[in-house]
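The lines below spell out each chain.
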Amino acid sequence: MKKNVLLILTDQQRKDSLGCYGNPIINTPSLDKLSEDGVRFNKCYVANPICMPNRLSIFTGMYPRNHGLWTNGLLLNQELRTLASELSDNGYETASFGKIHFEPYGADADSGSMESTAYWEQRKNNIDWFGPYWGFNHVELTIGHTNPVAHYIKWFEENGGTPEMLTVEKVTGAMMSGVRNIPKELHDSNFVSNRTVEFIKKRDKNKPFFAVASFPDPHHPFDPPRECAKKYANKKVVAPIGSREDLNTRPEHYKKHFKGGWHRKGDIPETRPNGVGPEHEHEIIANTYAMVDLIDENIGKITKYLEEENLIEDTIIIFTSDHGELLGDHGLWYKGPFFYDGLVNVPLIVSCPGFISPYESNALISSVDIFPTICDLIDVQIPNYVVGVSHKEHLFNHSIENRDKCLIEYRNGYGSNDCSSKVLVTKDYKYVRYQNGESELTDIKKDPEEKINVAHDSKYAEITNKMNECLLDEILSTENKYPEQLSLA
């Protein structure tokens, strides 16, 4: 029988929020063990730095301009084929638990979005739908972040949860931050692990399984259960990289965002003209650590069950995040068209003891490569529509590298405020080109903290021109292959 596949996703998690990636404060023994037993990638770049576009890129192997979900809040008129579709057609039992986010949360109840908050609020506890959905035979959803709707809230209430547990209490007054009185056993991180383990227990044992355990954290709001927050409230945290002075050579929207005066929908009134103070900064980072700690604890429940059932060597486990978080780097927070590594360079671990040997990899890899790599590892044909590349060769022969560049795409949306940007990352440079003609170039080797944009430095003129040409070449070489061409006319 083919190997099982477990894909573990988190939402808006930085690579350096894990012990195995060098964080000396945070407690992440489960993911550290996964890293020790597998291949840890140091240079995994997203196809897009916000949720919906990159999630669908992971599951389709296509860039956002290929699959059409180029920003949050879009509803495609049909489900595309996904990794789940391909594996289901190849005999896998497929299921997803937690945040999948292929369809918009903010849509009207009658829009057709199965992830519409309004739709699930209308249904209340009348939960009689479990898929199929985007190739998954079975789904159990969380919508948003510890939000009282869909499959999660039914499970929450059945296990003794009350509305009071879901309220957020402020601590220092930090933006989008606080604590909840919810027991960690009722948090949506525990829902994800609980339901994933139950699925593996009750699966058809005559079939391999493809399970997705998708945790809604550590995305903002930064509001862990109080008992988890206490673990880090008085601990020192890793300071953000750089300062506001690093924004002087960047495009204007960087400086506006520092002051809280920029959003994807356009300029907004400044909410923090002097940035975020040290006390608030500490609370947000400490709460992020607490959220990641709780995720790790629940990942441990899943991997422990696999070990107890002697499934660990029969299961390929992939851990990654849909994108990172700026988390105070250069004075910036959250996400958007700010292409620092904290946001676009995410954790990626591939583990299967006895099948894949442990290794720390500095090879370039993209989110669009996860789909074809999984297919290649389990001997499933990679579909024609996939533009990502398989890294199976690299996993078994580390001297072979399957990429020399990664492409990142971004569009604001919001009508007249729409602005497209494309990014090309190599091992030496990161180049950004905006629709309005602005550009950025970072010399990653000389400036690993990305403090200076040298796109307009005459010393880098030749490199800037070369990166611009390479960016165009990469865009042209990754045009849409979907749908498949059936004839010449």
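Up top you'll find the structure we're talking about.
This section reports on the structure supplied with the text. (Residues numbered from 1 in each chain as written. Predicted model: local features only at pLDDT ≥ 70, side-chain atom pairs only at ≥ 80, totals over all residues. Heavy atoms only, no water.)

What about empty space enclosed by the protein?
Reasoning step 1: Enumeration according to the criterion identifies three cavities of 30 Å³ or more in this entry.
Reasoning step 2: Together, Phe-41, Ile-318, Leu-348, Val-350, Ile-365, Asp-369, Ile-370, Thr-373, Ile-374, Leu-377, His-391 and Leu-395 line the largest cavity.
Reasoning step 3: If you list the elements that add at least two residues to the lining of the largest cavity, you get β11 (345-351) and α12 (370-377).
Reasoning step 4: No other element matches α12, which puts four residues into the lining of the largest cavity. (1 Å grid on protein atoms, 1.4 Å probe; cavity = no way out; pocket = protein on both sides within 12 Å on 5 of 7 lines; lining within 4 Å. Points joined across faces, edges and corners; volume = space filled by probe spheres on them. Helix = DSSP H or I, 4+ residues; strand = E, 2+ residues; numbered from the N terminus.)

Describing the sheet that holds strand β15 (residues 429-434)
Reasoning step 1: Sheet architecture is open: four strands sit in the order β13-β14-β15-β16, paired in antiparallel fashion. With partners counted over all chains shown, the strands left at the sheet margins are β13 (406-411) and β16 (439-443), one partner each. The average angle at which neighbouring strand axes cross in this sheet is 10°, direction not considered.
Reasoning step 2: Along the sheet, helix α14 (residues 461-477) makes contact with β13, β14 (420-425), β15 and β16, crossing β15 at roughly 70°. (Pairing = 2+ DSSP bridges. Axes fitted to C-alpha atoms, helices over the stretch in contact; angles between N-to-C directions. Contact = heavy atoms within 4.5 Å.)

Brief notes about the environment of Met-291
Reasoning step 1: As for its position among the elements, Met-291 is in helix α10 (residues 278-308).
Reasoning step 2: For Met-291, a relative accessible area of 1% corresponds to the buried category.
Reasoning step 3: Dropping the residues within four chain positions of it, Met-291 is found in contact with Asp-217, Pro-218, His-219, Pro-221, Phe-222, Asp-223 and Pro-224. (Buried < 20%, exposed > 50% of the residue type's maximum accessible area, 1.4 Å probe, protein only.)

Focus: helix α1 (residues 29-37)
Reasoning step 1: Residues Ser-30, Leu-31, Asp-32, Leu-34 and Ser-35 constitute the buried set of α1.
Reasoning step 2: Residues of α1 that are buried in the fold lie against β2 (38-45), α10, β10 (315-321) and β11.

Quick look at the sheet that holds β11
The strands making up a sheet are joined through hydrogen bonds of the backbone, oriented either antiparallel or parallel.
Reasoning step 1: Taken together, eight strands build an open sheet; the order of strands is β4-β3-β7-β1-β10-β11-β2-β12 and the sheet is mixed. Edge positions in the sheet fall to β4 (138-141) and β12 (359-366), since each of these pairs with one other strand and no more. Shown here is a sheet whose adjacent strand axes are inclined to one another by a mean of 15°, direction ignored.
Reasoning step 2: Of the strand pairs in this sheet, strand β1 (residues 4-11) and strand β7 (residues 209-218) are connected by six bridges, and their pairing is parallel. Within β7, the residue paired with Val-5 across the bridge is Phe-210.

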